[in-house]
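So the chains spell out like this:
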Amino acid sequence: MTNKIRKLIKKAFYIYPDSFNNVVVSTVDWAESNMAVDYGKVAVQTSPGNYKETQLCALMDENQKRLRWCYVVEKVLEHYKFEQDKVKFIEVYYFHKKSEVETCLSVGICRRTMFNWQDEIMEIAYKWAIELKAIKEEK
């Protein structure tokens, strides 16, 4: 795994909480404001060039890349569902953006363990990123 891809994966973890909320909220907000049905009007068949549908598709395309990275993070969390120390590490270090020292103290691990866990997490995330087509496999 190149440093560029490693940075990309780390970024996905750091922005996961905000990114997931933004994708969901922006889609729901758009749908609520633009897709409301007015039952007082006579129903009319939509034309093939439905503008609202086109807008929704554009929004989903825009959010697709962020959503794929959200799925990568979720798959990693799912992978560690029976290893709560590693889940806590991910939450403290990446989601809450605590320093190495604060993270080690919070989780109860030494720095060497933290670096080993980071490498392990990055490898699993890398495999999921390829599987979910967030990135292309390196040759």
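Please refer to the structure placed before this passage.
Residues numbered from 1 in each chain as written. Predicted model: local features only at pLDDT ≥ 70, side-chain atom pairs only at ≥ 80, totals over all residues. Heavy atoms only, no water.

Visitor: Got a minute to help me understand the nonpolar core in this structure?
Guide: Nonpolar side chains in soluble globular proteins generally cluster together in the buried interior. Core analysis: the largest hydrophobic core is formed by 31 residues, its most contacted members being F13, F89 and I90. Top element by residues in this core is helix α5 (residues 111-131). It accounts for eight residues. Excluding residues that lie within four positions of it along the chain, I90 makes contacts with F13, V76, L77, Y80, F95 and I121. (Core = buried A, V, L, I, M, F, W, Y, C linked by side-chain atoms within 4.5 Å. Buried < 20%, exposed > 50% of the residue type's maximum accessible area, 1.4 Å probe, protein only. Helix = DSSP H or I, 4+ residues; strand = E, 2+ residues; numbered from the N terminus. Contact = heavy atoms within 4.5 Å.)

Visitor: Honestly, unusual backbone geometry in this entry has me stumped. Any pointers?
Guide: Leaving glycine out, the prevailing phi sign among residues is negative, and the prevailing peptide bond configuration is trans. Its identity as a non-glycine residue notwithstanding, K97 has a phi of 55°, on the positive side. Relative to the elements of secondary structure, K97 occurs in the loop between α3 (84-95) and α4 (100-107). Here the phi dihedral of K133 falls at roughly 60°; this positive angle occurs in a residue that is not glycine. If you trace the backbone, K133 turns up in the segment after α5. Under the relative-accessibility criterion, K133 is labelled exposed at 61%.

Visitor: Would you take a moment to explain the packing of aromatic side chains for this structure?
Guide: Given two aromatic rings, one states the distance between the centres and the angle between the planes to describe the pair. This model, assessed by the stated rule, comprises eight aromatic pairs. Here the aromatic cluster, defined as three or more aromatic residues joined through ring pairs, consists of F13, Y14, F89, Y93, Y94 and W117. (Phe/Tyr/Trp six-rings, centres within 6.5 Å; stacked < 30°, edge-to-face > 60°.)

Visitor: Looking at this structure, how should I read the pattern of salt bridges?
Guide: It is possible for side chains of opposite charge to pair when their charged atoms get near one another. Applying the stated criterion across every chain yields a total of four salt bridges. K86 serves as the salt-bridge partner of E120, at 2.8 Å between the closest nitrogen and oxygen. With a gap of 34 residues between them, E120 in helix α5 and K86 in helix α3 connect regions that are remote in the sequence. With a relative accessible area of 8%, K86 lands in the buried category. Here R111 ties to E100 by a salt bridge, and the two come within 2.7 Å at their closest N and O atoms. In this pair, R111 is assigned in helix α5 and E100 in helix α4, connecting sequence segments eleven residues apart. Taking relative accessible area as the criterion, E100 reaches 26% and is therefore assigned partly exposed. One network of salt bridges, with partners in common, ties together E83, K86 and E120. (Salt bridge = Lys/Arg side-chain N within 4 Å of Asp/Glu carboxyl O.)

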